[in-house]
Amino acid sequence: MTEGNGLDRRVPRVRQRLGLLVWLVCATCALVLALGALLVALEADQRLVLVDAVTSGAAMVDLAVFDAGSGVVQFTGEDAAVKNALVNWGLAAAVWLLLGRLLDGLLSR
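Remember, predicted model here, so these are calculated numbers, not experimental data.

### Overview of the overall build of the chain
And then number 1: Summing up its helical and strand segments, the chain has 3 helices and 0 strands in all.
And then number 2: When the elements of the chain are put in sequence order from the N terminus, they spell out α-α-α.
And then number 3: Whereas a compact globule of 109 residues would reach a radius of gyration of roughly 13 Å, the chain reaches 19 Å, over 25% beyond that.
And then number 4: Dimensions of the chain along its principal axes, counting C-alpha atoms only, are 70 × 30 × 15 Å.
And then number 5: With 109 residues in all, the chain has 30% of them scored as buried.
And then number 6: Contacts in the chain between residues at least 24 apart in sequence constitute 58% of all its contacts with a sequence separation of at least 6.
And then number 7: As displayed, the chain offers around 7300 Å² of accessible surface, 68% of which is attributable to carbon and sulfur atoms.
And then number 8: Of the side chains in the chain, 9 bear a positive and 10 a negative charge, and the two mean positions are spaced by 18 Å.

Following this line, the structure appears as structure tokens:
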């Protein structure tokens, strides 16, 4: 058996696992954004450590384009903060999921 054959079998497995890892990271970012939007919609107490951690995490992974305060879509008036968080972080979550699937597919080929 030549060494090249062993490497030929390992490369697809490594690429598949790397694709899975990228997908899991992207799905986790989308989950944090969805939970952050839900906590804003439920008007959860921001003084709670867990609530603050989730909403801060969502603000970190919102790609700056989908910021809950100044994102792609901006609402004004009653419940504007809730609407902004739901729409912008929802869009960011969808982008993370799409990006994760695309990168997973490219890496796993």
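### Digging into the packing of aromatic side chains
And then number 1: Considering all chains together, one arrives at 0 aromatic pairs under this definition.
And then number 2: Against the face of Trp23 rests Arg101, its NZ or CZ located 4.1 Å from the ring centre.

### Brief notes about the side chain of Asn88
And then number 1: Tracing the backbone through its elements, the reader meets Asn88 in helix α3 (residues 80–108).
And then number 2: Residue classification places Asn88 among the buried positions, given a relative accessible area of 0%.

### A look at unusual backbone geometry
Trans peptide bonds make up most of the peptide bonds, and negative phi angles are found at most residues other than glycine.
And then number 1: One non-glycine residue, Leu63, lies in the positive phi region at around 65 degrees.
And then number 2: Considering the arrangement of structural elements, one finds Leu63 in the loop between α2 (49–60) and α3.
And then number 3: Residues other than glycine seldom take positive phi values, yet Asp79 does so here, at roughly 60 degrees.
And then number 4: For Asp79, the location among the structural elements is in the loop between α2 and α3.
And then number 5: For Asp79, a relative accessible area of 43% corresponds to the partly exposed category.

### A look at the state of the cysteines
And then number 1: Under the defined criterion, the tally for this structure stands at 0 disulfides.
And then number 2: Cysteine Cys26 remains unbridged, with the sulfur of Cys29 as its closest cysteine sulfur at 6.3 Å.
And then number 3: A relative accessible area of 12% means that Cys29 is categorised as buried.

Calculation notes
Residues numbered from 1 in each chain as written. Predicted model: local features only at pLDDT ≥ 70, side-chain atom pairs only at ≥ 80, totals over all residues. Heavy atoms only, no water. Helix = DSSP H or I, 4+ residues; strand = E, 2+ residues; numbered from the N terminus. Rg over C-alpha atoms; globule rule 2.2 N^0.38 Å. Buried < 20%, exposed > 50% of the residue type's maximum accessible area, 1.4 Å probe, protein only. Contact = heavy atoms within 4.5 Å. Areas by Shrake-Rupley, 256 points an atom, 1.4 Å probe, with all protein chains shown as cover. Lys, Arg positive; Asp, Glu negative; His and termini not counted. Charge placed at Lys NZ, Arg CZ, Asp CG, Glu CD. Phe/Tyr/Trp six-rings, centres within 6.5 Å; stacked < 30°, edge-to-face > 60°. Lys NZ or Arg CZ within 6 Å of the ring centre and 35° of its normal. Disulfide = S-S within 2.5 Å.

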